[in-house]
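# Working through the structure, step by step
Each chain is listed here by its residues.
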Amino acid sequence: MSCDLRPHLKDYPLEELRVRFERAGVAPYRALQVHQWLYGRGVDDPHAMTDLGEDLRLRLASEWRTRALELEQLQRSTDGTLKGRLRAADGAIVEAVAIPEDDRTTLCISTQVGCPLACSFCATGALGFERNLSTAEIVDQLVRMRAVLDPGRRITNVVFMGMGEPLLNLPAVLRAVRILMHPKGFSFAGRRITVSTAGVVPRLRGLLEGAPVNLAVSLHATTDEVRDVLVPLNRRFPLGELMAELRSLEQVTPRRPVFFEYTLMRGVNDTLDDACRLVRLLQGLPSKVNVIPMNPHPDAPYRPPEPEVASRFLGELARAGLTVTLRRSRGADIDAACGQLAAREAVEVAAECSRP
Ligand code: SAH
């Protein structure tokens, strides 16, 4: 447990920081300076914020927390993918993954320590749930990972697809998005940010009303029978309700389609009937389908399909007019690929320590 109850500078979007400063008797315009140091320049030691004046620097350093995460370990995949293991003040571990490509670098960030949804094919789900991340802990994943990218690389896209279910931590996620989008900080456009959900139906509208981001939905199955097993949340919010709610969202347009993630698992959801049902489910809804061959890991019995089966599945979707891409697996050699984030060593160590 961390007993430091001081407020955290990175928990507040600029407008809220201004109000906080004003209440504490600090000139509100100082909030913008601090914001620029924290996110524009990646400096979070108040003593180094040279344009603030000695008194304010001392006050910030004693009355506020400024760093939420420390980079404990950085692993580099043979394909250039970087996975950071980040430690919070209470010892909790989260992971963030930077994925460099030709023309962009995507950072995949976590929103919870563990995950309560227990999807049967996902390593994070097998961990169980510990707690929500704070806004500061979400934002600090960018600050820490940005600092270790190769020279000349910058984060161009952010996906909330790491550990956890973003819509079960919506207020912190929305504040983090506001910080990420502020022009005097990270300055990401909304279309560069994607929030992925397993389908927490009553929170979809709140997300899109709160932030102009892309919505991704982890679908993975076309019948309730199969989805109930893969994504147990489906028992509370079945496919019919999920699709009806998505169709009712006016923020979803051809320019801002829903991204559907579909993890292909051998003999589970990879038949031509599945493909046809998927076409029917998505009919008339602006959408893009991202097919991800299952990344195997020790906590799940599923395997990826044969390559011919995967391409037949994709071909069927494309023929029906869906926009579909096959996601290449990145970082699998360092357990950084989709569904493999589990802070594995930490868990093993913890299990050993608790042994009698
Ligand atoms: N809870 C949110 C955010 C996590 S996104 C959500 O479910 O959308 C993580 C993505 O990786 C999800 O689409 C998930 O279904 C996918 N995934 C999980 N385990 C996987 C695995 N073993 N192989 C491939 N994709 C996986």
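Predicted, not measured: the structure shown is a model, and the values here were computed from it. (Residues numbered from 1 in each chain as written. Predicted model: local features only at pLDDT ≥ 70, side-chain atom pairs only at ≥ 80, totals over all residues. Heavy atoms only, no water.)

### Brief notes about the site of the ligand
So the rule is basically this: Nearness of a residue to a molecule or strand requires only that one of the residue's heavy atoms be within 4 Å of it. By the criterion applied in these results, polar contacts are pairs of N or O atoms within 3.5 Å in which, for protein atoms, one can donate a hydrogen and the other can accept it, and in which residues neighboring in sequence qualify only through two side-chain atoms. Calculation of accessible area relied on Shrake-Rupley with a 1.4 Å probe; when residues are assessed, cover is drawn exclusively from the protein chains displayed. Helix and strand assignments follow DSSP, with helices taken as H or I runs no shorter than four residues and strands as E runs no shorter than two, numbered in order from the N terminus. Ten residue types, Ala, Val, Leu, Ile, Met, Phe, Trp, Tyr, Cys and Pro, are classed as nonpolar, four, Asp, Glu, Lys and Arg, as charged, and the remainder, Gly among them, as polar.
Residues in close proximity to the ligand total 20 residues, the closest being Ser196, Ser218, His220, Asn295 and Gly339. One of the side-chain N or O atoms of Ser196 is found 2.6 Å from an oxygen atom in the ligand. Calculation on the ligand without its partners gives an accessible area of 540 Å², and the protein chains cover 95% of this total. Of all elements in the fold, only strand S8 (193-197) and strand S10 (258-264) reach the threshold of two or more residues within the shell around the ligand. Partitioning the shell around the ligand into residue classes produces eight nonpolar, 10 polar and two charged.

### A word on the environment of Val279
In plain terms, the rule: We call two residues contacting when some pair of their heavy atoms lies within 4.5 Å.
For Val279, the position within the fold is in helix H10 (residues 272-282). For the pair formed by Val279 and Leu317, sequence separation is 38 residues and the distance between their alpha carbons is 6.5 Å. Not counting residues up to four positions away in its chain, the partners in contact with Val279 are Leu317, Ala320 and Leu322.

### Here we look at the pairing of S10
This is how the line gets drawn: The buried label applies to any residue whose accessible area, calculated with a 1.4 Å probe on protein chains only, is under 20% of its type's maximum; exposed applies above 50%, and partly exposed to all values in between. By this definition, two strands are paired if DSSP reports at least two bridges between them.
The buried count for S10 comes to six of seven residues, which makes it a mostly enclosed element. Strand direction decides the pairing type here: strand S9 (residues 214-218) and S10, joined by three bridges, are parallel. Looking at S10, one finds that Ser218 is bridged to Glu261. Examined bridge by bridge, S10 and strand S11 (residues 287-293) share seven bridges and lie parallel to one another.

### Some words on the sheet that holds S8
Keep this limit in mind: Between N-to-C directions, angles span 0 to 180 degrees; the directions come from axes that are lines fitted to C-alpha atoms, helices contributing only their stretch in contact.
Strand order in the open sheet formed by 10 strands is S1-S2-S3-S4-S7-S8-S9-S10-S11-S12, with mixed pairing between adjacent strands. On the outer flanks of this sheet lie strand S1 (69-76) and strand S12 (323-326), each paired with one strand and no other. Sheet twist, expressed as the average angle between the axes of neighbouring strands with direction ignored, equals 20 degrees. As judged from the three bridges shared by strand S4 (residues 105-108) and strand S7 (residues 157-160), these two strands associate in the parallel manner. Residue Leu107 lies in a different strand from S7, and its bridge partner there is Val158. Helix H5 (residues 135-146) contacts S1, strand S2 (82-88), strand S3 (93-100), S4 and S7 of the sheet and is inclined by roughly 50 degrees relative to S1.

### A few points about the pattern of salt bridges
Convention followed: Salt bridge criterion: a side-chain nitrogen from Lys or Arg within 4 Å of a carboxyl oxygen from Asp or Glu.
Counted according to the given criterion, the structure contains 24 salt bridges. In this structure, Asp44 engages Arg144 in a salt bridge whose closest nitrogen and oxygen atoms are separated by 2.9 Å. You can see Asp44 sitting in the loop between helix H2 (29-40) and helix H3 (54-63) and its partner Arg144 sitting in helix H5, a full 100 residues away along the chain. Each member of the pair, Asp44 together with Arg144, is buried. Arg87 serves as the salt-bridge partner of Glu72, at 2.4 Å between the closest nitrogen and oxygen. A residue pair is termed long-range when its members are at least 10 positions apart, and Glu72 in strand S1 and Arg87 in strand S2 qualify at 15 residues. Given a relative accessible area of 36%, Glu72 falls into the partly exposed group. Each of the salt bridges in this network shares a partner with another, and the network as a whole consists of Lys10, Asp44, Arg67, Glu70, Asp140 and Arg144.

Functional significance is not addressed by these values, which are geometric in nature.
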